[in-house]
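# Coordinates in review
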Amino acid sequence: MSEPASISAGIAARYATAIFEIAEESKALNSLESSINDLSAALADSEDLRDLISSPVVSRDEQETAISAVAAKMGVAPVLANSLALMAQKRRLFVLPALIEALRARLAETRGEITADVTSAKALTKTQSEKLAKTLAERTGKKVVINATVDESIIGGLVVKVGSKMIDNSIRSKLNSLQNAMKEVG
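Figured I'd write up the structure that's included with this text. (Residues numbered from 1 in each chain as written. Predicted model: local features only at pLDDT ≥ 70, side-chain atom pairs only at ≥ 80, totals over all residues. Heavy atoms only, no water.)

Bringing the overall build of the protein into the picture now. For the protein, the helix and strand inventory stands at eight helices and four strands. Each helix and strand of the protein, placed in order from N terminus to C terminus, yields the pattern α-α-α-α-α-α-β-α-β-β-β-α. What you see for the protein is a C-alpha radius of gyration of 20 Å, clearly larger than the 16 Å of a compact globule of 186 residues, by over 25%. Projected onto the principal axes, the alpha-carbon positions of the protein cover approximately 65 × 35 × 25 Å. The proportion of buried residues among the 186 residues of the protein is 32%. Here the contacts in the protein between residues at least 6 apart in sequence split such that 66% fall between residues at least 24 apart. Per element, the accessible surface of the protein, about 11,700 Å² overall, is 53% carbon and sulfur. When the 23 basic and 23 acidic side-chain charges of the protein are each reduced to a single mean position, those positions are 6 Å apart. (Helix = DSSP H or I, 4+ residues; strand = E, 2+ residues; numbered from the N terminus. Rg over C-alpha atoms; globule rule 2.2 N^0.38 Å. Buried < 20%, exposed > 50% of the residue type's maximum accessible area, 1.4 Å probe, protein only. Contact = heavy atoms within 4.5 Å. Areas by Shrake-Rupley, 256 points an atom, 1.4 Å probe, with all protein chains shown as cover. Lys, Arg positive; Asp, Glu negative; His and termini not counted. Charge placed at Lys NZ, Arg CZ, Asp CG, Glu CD.)

Turning our eyes to something else, we now look at the side chain of Glu-113. Counting through the fold element by element, Glu-113 comes out in strand β1 (residues 113–120). With a relative accessible area of 15%, Glu-113 lands in the buried category. In terms of polar contacts, Glu-113 uses its side chain to reach the side chain of Arg-111, at 3.2 Å. Among the polar contacts listed, one links the side chain of Glu-113 to the side chain of Lys-143, at a separation of 3.5 Å. (Polar contact = N/O pair within 3.5 Å; in protein donor to acceptor, adjacent residues only side chain to side chain.)

This brings us to the layout of surface pockets. Considering only enclosed or pocket space, the largest pocket measures out at about 350 Å³ in volume. Together, 14 residues line the largest pocket, and Leu-136, Arg-139, Val-160, Val-162 and Ile-167 are the ones closest to its centre. For the lining of the largest pocket, the secondary-structure elements that each account for two or more residues are α7 (126–140), β3 (157–162) and β4 (165–170). Grouping the amino acids of the lining of the largest pocket by side-chain chemistry returns seven nonpolar, five polar and two charged. Residue lining of the second largest pocket: Glu-101, Arg-104, Ala-105, Ala-108, Arg-111, Glu-113, Ile-114, Thr-115, Asp-117, Val-145, Lys-161 and Gly-163, and that is the complete set. Residue classes in the lining of the second largest pocket are distributed as four nonpolar, two polar and six charged. (1 Å grid on protein atoms, 1.4 Å probe; cavity = no way out; pocket = protein on both sides within 12 Å on 5 of 7 lines; lining within 4 Å. Points joined across faces, edges and corners; volume = space filled by probe spheres on them. Nonpolar A, V, L, I, M, F, W, Y, C, P; charged D, E, K, R; others polar.)

Put into structure tokens, the structure is as follows:
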């Protein structure tokens with residue numbers, strides 16, 4: 001992780017802890033989850049919103065006014081809306097994507113879930129995905145949610161990342177290993 005990314009993750013983690021604890025205390029975790037999903041979708045869909053949170057040209061007051069209007073229009077949970085306004089005042093809105101990820105991780109942890117990032121050469125069928133989730137659940141002891149992506153460059157097999165562990169069983173990595181072994185020989 002680069003230094004700016006680790007700084008963003010640290011800031012996001014502190015805000016996420018505060019937001020999560022307040023939402024948990026006020027029994028508003030479902031509302032919080034719905035709000036972060038909506039906010040994540042809005043960030044993905046709106047280039048203007050991405051520019052708003054990252055532009056150094058936009059003043060603190062303009063950021064606060066705009067993000068408060070967006071939060072009100074979207075019906076974001078009050079704890080999150082207040083936090084977004086505070087983040088704008090402190091010039092911390094640039095960590096919003098990292099904040100969303102940190103909050104999702106806290107919510108998943110509370111439910112006893114873990115996310116597995118799975119990369120395959122072609123899309124997994126529903127049966128394959130369910131079977132993989134079941135196998136990973138047996139190994140981790142937690143409910144596993146599969147986050148599947150397709151990368152044709154791995155040729156075949158799977159790359160599975162669960163937490164800090166990664167299993168690279170792709171044909172690309174096996175070919176690279178074979179290539180390295182052949183270089184050592186001759």
